[in-house]
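Listed below are the residues making up each chain.
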Amino acid sequence: QGINSRAVLHYASLWAYYLQSDQEEKNEKIDGNFAYADDLFSLTYSLSNMIMSDSRVINMSIGSTSYRPGSPGFDAENKNKTDAQIQAAEEEYNQEYQEHKDYLDAYFRVIEKTGKDFIIVKSAGNCNQAGQCITNADSDYINRVLSENEFANKHSLIVGATDTTTSVFGNILHSKASYSK
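My aim in this report is to walk through the structure given alongside it, one point at a time.

The rules behind these values
Residues numbered from 1 in each chain as written. Predicted model: local features only at pLDDT ≥ 70, side-chain atom pairs only at ≥ 80, totals over all residues. Heavy atoms only, no water. Helix = DSSP H or I, 4+ residues; strand = E, 2+ residues; numbered from the N terminus. Buried < 20%, exposed > 50% of the residue type's maximum accessible area, 1.4 Å probe, protein only. Areas by Shrake-Rupley, 256 points an atom, 1.4 Å probe, with all protein chains shown as cover. Salt bridge = Lys/Arg side-chain N within 4 Å of Asp/Glu carboxyl O. Axes fitted to C-alpha atoms, helices over the stretch in contact; angles between N-to-C directions. Parallel < 35°, antiparallel > 145°, perpendicular 65-115°, else oblique. Left-handed = near helix turned anticlockwise from the far one by under 90°. Contact = heavy atoms within 4.5 Å. Nonpolar A, V, L, I, M, F, W, Y, C, P; charged D, E, K, R; others polar. Pairing = 2+ DSSP bridges.

With that out of the way, let us pick up the overall build of the chain. The helix and strand inventory of the chain stands at 5 helices and 8 strands. For the chain, the N- to C-terminal ordering of α and β elements is β-β-β-α-β-α-α-β-α-α-β-β-β. Among the 181 residues that make up the chain, the fraction classed as buried is 33%. With an accessible surface of roughly 11,600 Å², the chain has 50% of that area assigned to carbon and sulfur atoms.

Here it is, written out as structure tokens:
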């Protein structure tokens, strides 16, 4: 008992594939001449497919690589910059975050009207593309919106390190005692 043998699994991808032009700078996310990227539209499109298909548990492993001002990642990324450059980086982060928040708040207002019952289990978002985990989970745009939006907060569980500690060797460690919201 305890295992649902009648579970129906669905799959949705956040990635939008496109053909790279010869002039376009090649990136690490390529498969031959195809590259892939994700954006807020692909996120909400995938979520909508899952929610409207009556998926009850939506497991997502996504995150942003932007660091919230004041986080260890932001400090590390901006350690050799002038005060003016740091202020500009803070303003850029805040503007990008507000754009994400406005978009996702509008999206969740529409989803709330559907009356669907679901939970989003959201993991990742702590590490940059190089695999360096130098930020708290609350720096991630999506984690912040899921936590700050009342409807989304009731329908989400964020799993990931929420606190970081710097070791005596300068490494960033995640406190396993404070995982999840």
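Okay, the environment of F74 next. Looking at the secondary structure, you find F74 in helix α2 (residues 72-77). When the C-alpha atoms of F74 and I86 are compared, they prove to be 9.2 Å apart, with 12 residues separating the residues in sequence.

Enumeration according to the criterion identifies 5 salt bridges in this entry. Between K116 and D54 there is a salt bridge; the shortest N-O distance is 2.6 Å. With K116 in the loop between α3 (83-112) and β5 (119-123) and D54 in the loop between α1 (40-52) and β4 (57-61), this pair connects stretches of sequence that are 62 residues apart. Classification of K116 by relative accessible area gives partly exposed; the value is 24%.

Glancing now at the packing of α1 against α3. Contact pair α1 / α3: the axes reach a minimum separation of 11 Å and the direction vectors enclose 20°. It follows that α1 is roughly parallel to α3 by the angle criterion. The way α1 lies across α3 gives a crossing that is right-handed. Contacts between α1 and α3 pair L40, F41, L43, T44, L47, S48 and I51 from the former with H100, Y103, L104, Y107 and I111 from the latter. When grouped by side-chain class, the residues that make up the contact of α1 with α3 number 9 nonpolar, 3 polar and no charged.

What follows deals with the pairing of β5. Looking down a regular strand, the side chains alternate between one sheet face and the other. By the bridge criterion, 5 bridges tie β4 to β5 in an arrangement that is parallel. Looking across to β5, one finds that S61 is bridged to S123. The pairing of β5 with strand β6 (residues 156-159) spans 4 bridges and is parallel. Counted as the bridge partner of I120 is S156 from β6.

Nothing here speaks to function; it is all geometry.
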